[in-house]
Amino acid sequence: MFFNKDKTAKSTETTKKTNEPASKVRISGAAKPHLVSEAWWLVLAALGSFLALILFTFNLGDASWSHSGGADATTHNAGGVAGAWISDILLSVFGFSAWWW
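Residues numbered from 1 in each chain as written. Predicted model: local features only at pLDDT ≥ 70, side-chain atom pairs only at ≥ 80, totals over all residues. Heavy atoms only, no water.

**A closer look at the overall build of the protein**
Part 1: Each helix and strand counted, the protein has two helices and zero strands in total.
Part 2: For the protein, contacts bridging at least 24 residues in sequence account for 42% of all contacts bridging at least 6.
Part 3: Accessible surface, the protein: about 9000 Å² in total, of which carbon and sulfur atoms supply 65%. (Helix = DSSP H or I, 4+ residues; strand = E, 2+ residues; numbered from the N terminus. Contact = heavy atoms within 4.5 Å. Areas by Shrake-Rupley, 256 points an atom, 1.4 Å probe, with all protein chains shown as cover.)

Below is the structure:
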């Protein structure tokens, strides 16, 4: 392993050569395209943008977790009813520090 100082020792892993065309060879975990590994950043950026949007457009008149809706059932939050609920829960539990999430 890592501490083996004998460089002539054979590895316990074996490799097998195949005569399959390149289109049928499976891609190993280390050789995945960069798009897959960078897609997580895109998802996190979209989620962060959505959270910032719903927190910025929070309105006390929206029907949500701790507030009942008024006579007009119009939701003013840009995230809709789900955005009103999520922003109300975040602001009720964390207060202004919900912006740090």
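**Details of helix H2 (residues 80–94)**
Part 1: Helix length check: H2, at 15 residues, gives a terminal C-alpha distance of 21 Å against a target of 21 Å (1.5 Å per residue), a fit within 8%.
Part 2: At its buried positions, H2 is contacted by helix H1 (34–56).
Part 3: Looking one or two residues beyond H2, the residue adopting positive phi is Gly95, at roughly 70°. (Expected span 1.5 Å × (residues − 1).)

**Overview of H1**
Part 1: For H1, which comprises 23 residues, the first-to-last C-alpha distance of 33 Å matches the rise-based estimate of 33 Å (1.5 Å per residue) to within 8%.
Part 2: Looking at H1, one finds that the buried residues are Leu51, Ile54 and Leu55.
Part 3: Where the residues of H1 are buried, they touch H2. (Buried < 20%, exposed > 50% of the residue type's maximum accessible area, 1.4 Å probe, protein only.)

**Notes on the side chain of Asp62**
Part 1: Residue placement: Asp62 occurs in the loop between H1 and H2.
Part 2: We classify Asp62 as buried; its relative accessible area is 1%.
Part 3: Here the side chain of Asp62 touches His76 through a polar contact of 2.8 Å, landing on its backbone nitrogen.
Part 4: From its side chain, Asp62 meets the backbone nitrogen of Asn77 in a polar contact 3.2 Å long. (Polar contact = N/O pair within 3.5 Å; in protein donor to acceptor, adjacent residues only side chain to side chain.)

**Topic: the nonpolar core**
Part 1: Judged by nonpolar contacts, Leu51, Ile54, Leu55, Leu90 and Ala98 together constitute the single largest core of five residues.
Part 2: Looking at this core element by element, the count peaks at three residues for H1. (Core = buried A, V, L, I, M, F, W, Y, C linked by side-chain atoms within 4.5 Å.)

**Points about the environment of Leu60**
Part 1: If you trace the backbone, Leu60 turns up in the loop between H1 and H2.
Part 2: For Leu60, a relative accessible area of 55% corresponds to the exposed category.
Part 3: Expressed as a C-alpha distance, the spacing of Leu60 and Ala84, which sit 24 residues apart in the sequence, is 9.1 Å.

**Some points on the packing of H1 against H2**
For any two helices packed against each other, the geometry comes down to the angle between their axes and how far apart the axes lie.
Part 1: At a minimum axis separation of 9 Å, H1 and H2 run at an interaxial angle of 80°. Overall, the two elements H1 and H2 adopt an arrangement that is roughly perpendicular. In this structure, H1 uses Phe50, Leu51, Ile54 and Leu55 to contact H2, whose residues at the interface are Gly83, Ile86, Ser87, Leu90 and Leu91. (Axes fitted to C-alpha atoms, helices over the stretch in contact; angles between N-to-C directions. Parallel < 35°, antiparallel > 145°, perpendicular 65-115°, else oblique.)

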